[in-house]
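What the coordinates show
Next come the chains, spelled out residue by residue.
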Amino acid sequence: MADILPKEQEWWKLVWQLGNATSELHDFNFIETPIIEEAGMFEEAAGIAKELVEKELFLLKTKEKKTLALSFCPKISVLRSYLEHRLAYFSSPLKVFYLTPVLKKVRAGSGSIREFHEWGFQIMGEGDPIYDGEIILAVYDFLKGLRLKQLTLKINSAGCRVCRPAFRQKIKTHYRNERERLCKSCERNLETNVFALLHCEEAKCKEVIAEAPIILDYLCQNCNNHFKSVLELVEDNEIAYEPDAHLLPVNDYGMRTTFEFFVSELRLPVARGGRFDYLAEIFGGRITPSVNGALHIEQVIEAMKLQGIVPHPRTKPRVFFVVLGDQAKKSALRLMNKLRSCGVAVVEVVGKKTLKAQLKSAERMNISLALLLGQKEVFEGTVIIRDMTSGAQETILAEKLVEEVKRRINSK
Ligand SMILES: [Zn+2]
Ligand SMILES: [Zn+2]
């Protein structure tokens, strides 16, 4: 896990700005769910074997012997919230966005990180392929807005309950016949989670994967039509895509559209998503159409850095306040507030005692205008304005300060 430090702020601010702008443009509404949820919800939804739960989730035990889990999969929490608050009554479909930390236990050296942030878009309540398209477009517009280049969309259909069982059987048979060529972990997954085999990174398993049957040959009519419509939407919007026959969700609730966005500089995707209509059943509800697409923010920032994309620096503070003496400090704070409330960004380092040290800081920050306030000025109700480039100084009345500062900034 890692801290996000001030030196990274330009990247994060850009993400917030563009995320908000994209959400507004595409009409998504803000939602936030807690970073702690009951563990059982994730355990069941994750569709992973019980013994794996402890390996993947960060679990906490309460005094009351309840087991809680740290934010593991935001889209599950969002759907939980949608059902719990009966949000379908207010809007159908409901379109929401969120920015949430995700915490997963991962093997060291696997290239994944334990804590990352996800910016997600989610639409619930409508199963029409147009909403799969809307999610893909929102993610794409966000990534494009960040100026990421050469984005590739990998896309597939995971089928549904009607057509997937036949395919699952087919692929099981394929792997059983090749059992001796598989790695240990694939052999274990063979009976419990056969689609996980398609994600194995071992060279010998990759050969078996390449020969495996593909789901597109087994899709039912409805899934086929759905997938076609989504691809049409993708093409209409001129998004470069590659069908990826092996892109399948490892859980049971994932269905139909599943996608990932890549840049060539990174092995792992910068964003991913898909449809998961069956998930609501885990909460005791009916099948609820749901589709999600989420950006992995740390990956996105890494990709931007690799592509040489530099965020515009935040507006530099324009005025530096030099304060000398305790009495001046109080008056200075009032004057600084006055300037700030008029939209002028002000910095100070009043902790530094001497005039020289404070002026040096102003120079280091490359600020062109300094205001000097000492005991004498407080007494006279004046402020000294110093042009940092020329060194010229002028004493003005404190009540004229805002006016004068604005005049000087605007004339630069
Ligand atoms: Zn189907
Ligand atoms: Zn393997």
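Scanning the protein from N- to C-terminus turns up 14 helices and 16 strands. Its C-alpha atoms give the protein a radius of gyration of 28 Å, clearly above 22 Å, the size a compact globule of 412 residues would have. Across its three principal axes, the protein shows a C-alpha extent of roughly 90 × 55 × 50 Å. By residue count, 49% of the 412 residues in the protein fall in the buried class. Long-range contacts, defined as pairs at least 24 residues apart, comprise 69% of the intrachain contacts of the protein with a sequence gap of at least 6. Of the roughly 21800 Å² that the protein leaves accessible, carbon and sulfur atoms contribute 51%. Between the centroid of the 59 positive side chains of the protein and the centroid of its 54 negative side chains there is a distance of 7 Å.

Let us look at a nonpolar patch on the surface. A surface patch of nonpolar side chains, about 220 Å² in accessible area, is lined by I35, I36 and L60. Mapped onto the secondary structure, I36 falls in strand β2 (residues 36-38).

Here the zinc ion (ligand 2) is held by C183 (SG), C186 (SG), C200 (SG) and C205 (SG), and the distances to it run 2.2 to 2.4 Å. Look at where the donors of the zinc ion (ligand 2) fall in the sequence and you get C-x2-C-x13-C-x4-C. Residue classification places C183 among the buried residues on the basis of a relative accessible area of 8%.

Taken together, the protein ligands of the zinc ion (ligand 1) are C160 (SG), C163 (SG), C220 (SG) and C223 (SG), with distances of 2.3 Å. Considering all 4 donor atoms around the zinc ion (ligand 1), angles at the metal cover 100 to 116 degrees and the coordination shape is tetrahedral. Site description for the zinc ion (ligand 1): donor spacing in sequence, C-x2-C-x56-C-x2-C. Of this pair, C163 sits in the loop between β7 (152-157) and α6 (164-177) while C220 is found in the loop between α8 (203-210) and α9 (221-236), placing the two residues 57 residues apart along the sequence. Side by side, C163 and C220 carry an identical accessibility label, which is buried.

With that out of the way, let us pick up the sheet that holds strand β14 (residues 369-373). In spatial order, the strands read β13-β12-β14-β15-β16; together these 5 strands make up an open sheet with mixed pairing. Bordering the open sheet on either side are β13 (346-348) and β16 (393-397), each of which pairs with just one other strand. Across the sheet, the mean angle separating the axes of adjacent strands is 30 degrees when strand polarity is ignored. Bridge analysis of strand β12 (residues 319-323) against β14 gives 5 bridges, and the strand direction is parallel. Among the inter-strand pairings, V322 is bridged to a residue of β14, identified as L372.

This part takes up the packing of helix α1 (residues 9-25) against helix α10 (residues 297-306). At a minimum axis distance of 11 Å, the contact between α1 and α10 shows a crossing angle of 115 degrees. Pair α1 / α10 crosses with right-handed handedness. Residues W11, W12, L14 and V15 of α1 form the contact with α10, whose own contacting residues are I297, E298, I301, M304 and K305. Per-class residue counts for the contact of α1 with α10 are 7 nonpolar, no polar and 2 charged.

When the domains of the protein are assigned, the result is domain 1 (6-163 + 219-306) and domain 2 (319-411). Between the C-alpha centres of domain 1 and domain 2 there is a distance of 49 Å.

Structurally, K228 can be placed in helix α9. Classification of K228 as exposed rests on a relative accessible area of 51%. As a C-alpha pair, K228 and S157 span 71 residues in sequence and 9.7 Å in three-dimensional space.

Moving on, we come to the sheet that holds β2. Taken in spatial order, the 3 strands make up an open sheet running β2-β4-β3, and their pairing is antiparallel. Of all the strands in the sheet, just β2 and β3 (59-61) have a single pairing partner and so form its edges. Sheet twist, expressed as the mean angle between neighbouring strand axes with direction ignored, is 35 degrees.

Turning to the pattern of salt bridges, a few remarks are in order. Applying the stated criterion across every chain yields a total of 21 salt bridges. Connected through shared salt-bridge partners, E178, R181, E207 and E211 make up one network.

The next thing to look at is the nonpolar core. If you look at the biggest cluster of nonpolar residues, it comprises 49 residues, and the most contacted ones within it are F42, I76, I171, Y175 and L198. Ignoring anything within four residues of it in the chain, the contact list for I171 reads V194, F195, L198, A212 and P213. Residues W119, F227, V234 and V263 belong to the second largest nonpolar core, which totals 42 residues.

Turning our attention to a negative patch on the surface. A cluster of acidic residues, E232, E235, D236 and E238, forms a negative patch on the protein surface. Looking at where D236 falls in the secondary structure, it is placed in helix α9. A relative accessible area of 62% means that D236 is categorised as exposed.

This part covers helix α4 (residues 74-84). Taking burial as the measure, the 11 residues of α4 include 8 buried ones, the bulk of the element. Those residues of α4 that fall on the buried side of the exposure criterion are P74, I76, S77, V78, L79, R80, S81 and Y82. Immediately beyond the C-terminal end of α4, within one or two residues, lies R86, with a positive phi of roughly 45 degrees.

As a further point, take the side chain of E118. Topologically, E118 is positioned in strand β6 (residues 115-124). Lacking a salt bridge, the buried E118 has K104 as its closest oppositely charged neighbour, with an N-O distance of 6.3 Å. Within the structure, the side chain of E118 is placed 2.7 Å from the side chain of Y98, a separation counted as a polar contact. Setting aside residues up to four positions removed in sequence, E118 forms contacts with P74, Y98, L99, T100, V102, A294, L295 and I297.

Parameters and conventions
- Residues numbered from 1 in each chain as written.
- Chains lettered and ligands numbered in written order.
- Predicted model: local features only at pLDDT ≥ 70, side-chain atom pairs only at ≥ 80, totals over all residues.
- Heavy atoms only, no water.
- Helix = DSSP H or I, 4+ residues; strand = E, 2+ residues; numbered from the N terminus.
- Rg over C-alpha atoms; globule rule 2.2 N^0.38 Å.
- Buried < 20%, exposed > 50% of the residue type's maximum accessible area, 1.4 Å probe, protein only.
- Contact = heavy atoms within 4.5 Å.
- Areas by Shrake-Rupley, 256 points an atom, 1.4 Å probe, with all protein chains shown as cover.
- Lys, Arg positive; Asp, Glu negative; His and termini not counted.
- Charge placed at Lys NZ, Arg CZ, Asp CG, Glu CD.
- Patch = residues over 30% accessible without salt bridge, like charges linked within 9 Å, V, L, I, M, F, W, Y side chains within 5 Å.
- Salt bridge = Lys/Arg side-chain N within 4 Å of Asp/Glu carboxyl O.
- Donors = N, O, S within 2.8 Å, 3.2 Å for Na, K, Ca; no water.
- Tetrahedral: all angles 85-135°; square planar, octahedral: opposite > 155°, others 65-115°.
- Pairing = 2+ DSSP bridges.
- Axes fitted to C-alpha atoms, helices over the stretch in contact; angles between N-to-C directions.
- Left-handed = near helix turned anticlockwise from the far one by under 90°.
- Nonpolar A, V, L, I, M, F, W, Y, C, P; charged D, E, K, R; others polar.
- Domains from an automatic or database assignment.
- Core = buried A, V, L, I, M, F, W, Y, C linked by side-chain atoms within 4.5 Å.
- Polar contact = N/O pair within 3.5 Å; in protein donor to acceptor, adjacent residues only side chain to side chain.

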